[in-house]
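For reference, the chains in residue letters:
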Amino acid sequence: MIITIDGPAAAGKGTLAGTLSRKYNLAYFDTGMVYRAVGLEMVLTRQDVTDENSAERVAKDLTFQKMHMLAENRDFRSDVGGKAASVVSAHPKVRKALLKMQQDFSLNPTFADGTPAAGAIYDGRDTGTVVCPQADVKFFVTASPEVRAMRRFKEFQQKGIETTYEKVLADMKARDERDSQRAAAPLKPAPDAVILDTSALSIEEVIKKAEEIISQKQKSLEK
Ligand code: DC
């Protein structure tokens, strides 16, 4: 089984994907990591993230091992990493260079320790539209910018990253704008995606809804 979960930043995709991956024994690919890795590598090596050709070179050299190493850096998840990721992800050549790595993951899905999985679960912006259009179940998880900014602000506070709610909200809106207006793979739901608005739902309610949809799908696949 392949599941995709797309949607804007801090909508609850990661929590949902992590829970479903454990429940259904699916290997999890957080695809934002590939763009964060390229963006951060460029920041650390003092390259210009707006230069598409330089970004493409970095993207072509990316491996899972390198990505996991970069993920250890504290700026990987900070707004520095997020902003760099958002800029490099708008380059069509970067998206193209990173596509195979993402698609290959579902051909032979395995957990980090090498154990085979029953399938794959992706989270990102275009996993149901571009990376895995053949996925069995697709979700588009969303919430209002204010709700998402408050969630992200609390995460930053817990990690001791200094910022303000107003700054996080302004960054979130700017990122939404870039992600949805860019020419290459703009953020939008796949026509066959189920939309889950998490603004007024608890995480337990979102998980319950998603599980109901997955069991309906499993029943229809068994027929
Ligand atoms: O989900 P995230 O915040 O880690 O994503 C970082 C950036 O990468 C975000 O600005 C959008 C981009 N991204 C993308 O363009 N396509 C994906 N499949 C995943 C992330």
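Residues numbered from 1 in each chain as written. Predicted model: local features only at pLDDT ≥ 70, side-chain atom pairs only at ≥ 80, totals over all residues. Heavy atoms only, no water.

Draft legend 1. Quick look at the pairing of strand β1 (residues 2–6). Counting buried positions along β1 yields five of five residues, so the element is predominantly enclosed. What you see with β1 is no split at all: Ile-2, Thr-4 and Asp-6 on one side and Ile-3 and Ile-5 on the other are buried throughout. Pairing analysis gives five bridges linking β1 to strand β3 (residues 119–124), with the strands arranged parallel. By the bridge assignment, Asp-6 is partnered in β3 with Gly-124. Bridge analysis of β1 against strand β4 (residues 137–142) gives four bridges, and the strand direction is parallel. Residue pairing in the sheet places Thr-4 in a bridge with Lys-138 of β4. (Buried < 20%, exposed > 50% of the residue type's maximum accessible area, 1.4 Å probe, protein only. Helix = DSSP H or I, 4+ residues; strand = E, 2+ residues; numbered from the N terminus. Pairing = 2+ DSSP bridges.)

Draft legend 2. Summary view of the pairing of β4. Burial runs high along β4: six of the six residues are buried. The sheet contact formed by β4 and strand β5 (residues 194–197) spans four bridges and is parallel. Considered in β5, the bridge of Phe-140 is made with Ile-195.

Draft legend 3. Spotlight on the sheet that holds β5. Pairing within the open sheet is parallel, and its five strands lie in the order β2-β3-β1-β4-β5. Of all strands in the sheet, those bounded by a partner on one side alone are β2 (26–30) and β5. Between one strand axis and the next, the sheet turns by 20° as a mean value, whatever way the strands run. Bridging between β2 and β3 involves five bridges; their strand directions are parallel. (Axes fitted to C-alpha atoms, helices over the stretch in contact; angles between N-to-C directions.)

Draft legend 4. Representation of the pattern of salt bridges in the model. Summed over the entire model, instances satisfying the criterion amount to 14 salt bridges. Ionic pairing is found between Arg-182 and Asp-179, a salt bridge with its closest N-O pair at 3.6 Å. When salt bridges with common partners are traced through the structure, they connect Asp-79, Lys-167 and Asp-171 into a single cluster. (Salt bridge = Lys/Arg side-chain N within 4 Å of Asp/Glu carboxyl O.)

Draft legend 5. Main features of the site of the ligand. Of all residues adjacent to the ligand, which total 14 residues, the nearest are Thr-31, Arg-36, Arg-95, Arg-125 and Asp-126. Within the side chain of Thr-31, one N or O atom sits 3.0 Å away from a nitrogen atom of the ligand. Here an oxygen atom of the ligand sits 2.8 Å away from a polar atom, N or O, in the side chain of Arg-95. When the ligand is considered free in solution it has 450 Å² of accessible area, and contact with the protein chains removes 97% of it. (Near = heavy atom within 4 Å. Polar contact = N/O pair within 3.5 Å; in protein donor to acceptor, adjacent residues only side chain to side chain. Areas by Shrake-Rupley, 256 points an atom, 1.4 Å probe, with all protein chains shown as cover.)

Draft legend 6. View of the packing of aromatic side chains. The full count for this structure, using the stated rule, is six aromatic pairs. For the pair Phe-105 and Tyr-122, a centre-to-centre distance of 6.0 Å together with 75° between the ring planes defines the contact as edge-to-face. Placement of Phe-105 in the loop between α6 (92–104) and β3 and of Tyr-122 in strand β3 is noted, with a sequence separation of 17 residues between them. Comparing Phe-105 with Tyr-122 shows no difference in burial state: the two are buried. Each ring, one from Phe-153 and one from Tyr-165, has its centre 6.4 Å from the other, and the planes form 70°; the classification is edge-to-face. You can see Phe-153 sitting in helix α8 (residues 145–158) and its partner Tyr-165 sitting in helix α9 (residues 165–181), a full twelve residues away along the chain. Three or more aromatic residues link up through ring pairs in this structure, and these residues are Phe-29, Phe-64, Phe-105 and Tyr-122. (Phe/Tyr/Trp six-rings, centres within 6.5 Å; stacked < 30°, edge-to-face > 60°.)

Draft legend 7. Here's a closer look at the packing of helix α2 (residues 32–44) against α6. As a packed pair, α2 and α6 sit with axes 10 Å apart at the nearest point and diverge in direction by 130°. In terms of axis orientation, α2 runs oblique to α6. The handedness of the crossing between α2 and α6 is right-handed. Contacts from Val-34, Tyr-35 and Val-38 of α2 reach α6 at Val-94, Arg-95, Leu-98, Met-101 and Gln-102. Its residues assigned to classes, the contact of α2 with α6 shows six nonpolar, one polar and one charged. (Parallel < 35°, antiparallel > 145°, perpendicular 65-115°, else oblique. Left-handed = near helix turned anticlockwise from the far one by under 90°. Contact = heavy atoms within 4.5 Å. Nonpolar A, V, L, I, M, F, W, Y, C, P; charged D, E, K, R; others polar.)

Read these as spatial facts, not as claims about activity.
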